[in-house]
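Working through the structure, step by step
Residues per chain are reported as follows:
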Amino acid sequence: MKADYQRAESLFQRRAGRQQDYEVKKFTYDAQVAAVQQSEARLVQAQAQREQTAAQLTATQRRIAVARASLTRINDILHKYDSFAPLDAWWTNLPVRAGETVVPGLQNQTGTLIMTIADMSLITAEVKVDETDIVNVKVGQTPKSPSTPFPTRLSRGT
């Protein structure tokens, strides 16, 4: 376009070409120069947007890393302060009630007994039943005492 414009300009200055052809070539060339400048500006803008997006991605990745670290910390705290049953069992003794203070074990000293759990499938009990009540006993019946809530079922992980 530039060579075409320069040729038309040279012809116009020597009075060998028409003014209309010269102006068309000049406007076409100027339009092309403006289009190139506009494309360069869009390129610079796109590069800036790419850099901004890369910075946002980095910031988001750092926030995710912080959130993961926080989650790991909270899970660690949860496992330090909650007690989990090591097996599916029944709790048979609960000497500590909600709100009471317990002492954690230190080196060679044991801590406060929180509860006793037992696997009732391994326990065999020998009981005395009055002859008038024996008719109410059935195979597979779970023992219950009206004065205590024991035994209560625990599931693994609770």
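An account of the accompanying structure is given in this report. (Residues numbered from 1 in each chain as written. Predicted model: local features only at pLDDT ≥ 70, side-chain atom pairs only at ≥ 80, totals over all residues. Heavy atoms only, no water.)

What follows deals with the overall build of the protein chain. Across its full length, the protein chain holds two helices and three strands. Ordered by position in the sequence, the α and β elements of the protein chain form the string α-α-β-β-β. Among the 158 residues that make up the protein chain, the fraction classed as buried is 8%. Residue pairs at least 24 apart in sequence account for 64% of intrachain contacts in the protein chain once pairs closer than 6 positions are excluded. In the form shown here, the protein chain has an accessible surface area of approximately 13,900 Å², with 55% of it arising from carbon and sulfur atoms. (Helix = DSSP H or I, 4+ residues; strand = E, 2+ residues; numbered from the N terminus. Buried < 20%, exposed > 50% of the residue type's maximum accessible area, 1.4 Å probe, protein only. Contact = heavy atoms within 4.5 Å. Areas by Shrake-Rupley, 256 points an atom, 1.4 Å probe, with all protein chains shown as cover.)

So, on to a nonpolar patch on the surface. Among the surface-exposed residues, Val127, Val129, Ile134, Val135 and Val137 lie close enough to one another that they form a single nonpolar patch of about 460 Å² accessible area. Structurally, Val135 is set in the loop between β2 (116-118) and β3 (152-154). Val135 gets classed as exposed once you look at its relative accessible area, which sits at 67%. (Patch = residues over 30% accessible without salt bridge, like charges linked within 9 Å, V, L, I, M, F, W, Y side chains within 5 Å. Salt bridge = Lys/Arg side-chain N within 4 Å of Asp/Glu carboxyl O.)

In this model helix α1 (residues 2-13) runs 16 Å from its N-terminal to its C-terminal C-alpha over 12 residues, within 8% of the 16 Å that 1.5 Å per residue would give. Immediately downstream of α1, the backbone of Arg15 shows phi near 65 degrees, a positive value. (Expected span 1.5 Å × (residues − 1).)

Attention shifts here to the pattern of salt bridges. Pairing of side chains with opposite charge becomes possible as their charged atoms draw close. Per the stated rule, a full pass over the model turns up two salt bridges. The shortest N-O distance in the salt bridge between Lys80 and Asp76 comes to 3.1 Å. Placement of the pair is Lys80 and Asp76 together in helix α2 (residues 19-81), with a separation of four residues, close to one helical turn.

Below, the discussion takes up the packing of α1 against α2. Direction vectors running N to C along α1 and α2 enclose 150 degrees, while the axes themselves pass 9 Å from each other. Classed by the angle they form, the pair α1 and α2 counts as roughly antiparallel. The crossing of α1 and α2 is left-handed. Contacts between α1 and α2 involve Lys2, Asp4, Tyr5, Ala8, Glu9 and Phe12 from the first element and Gln19, Tyr22, Lys25, Lys26 and Tyr29 from the second. (Axes fitted to C-alpha atoms, helices over the stretch in contact; angles between N-to-C directions. Parallel < 35°, antiparallel > 145°, perpendicular 65-115°, else oblique. Left-handed = near helix turned anticlockwise from the far one by under 90°.)

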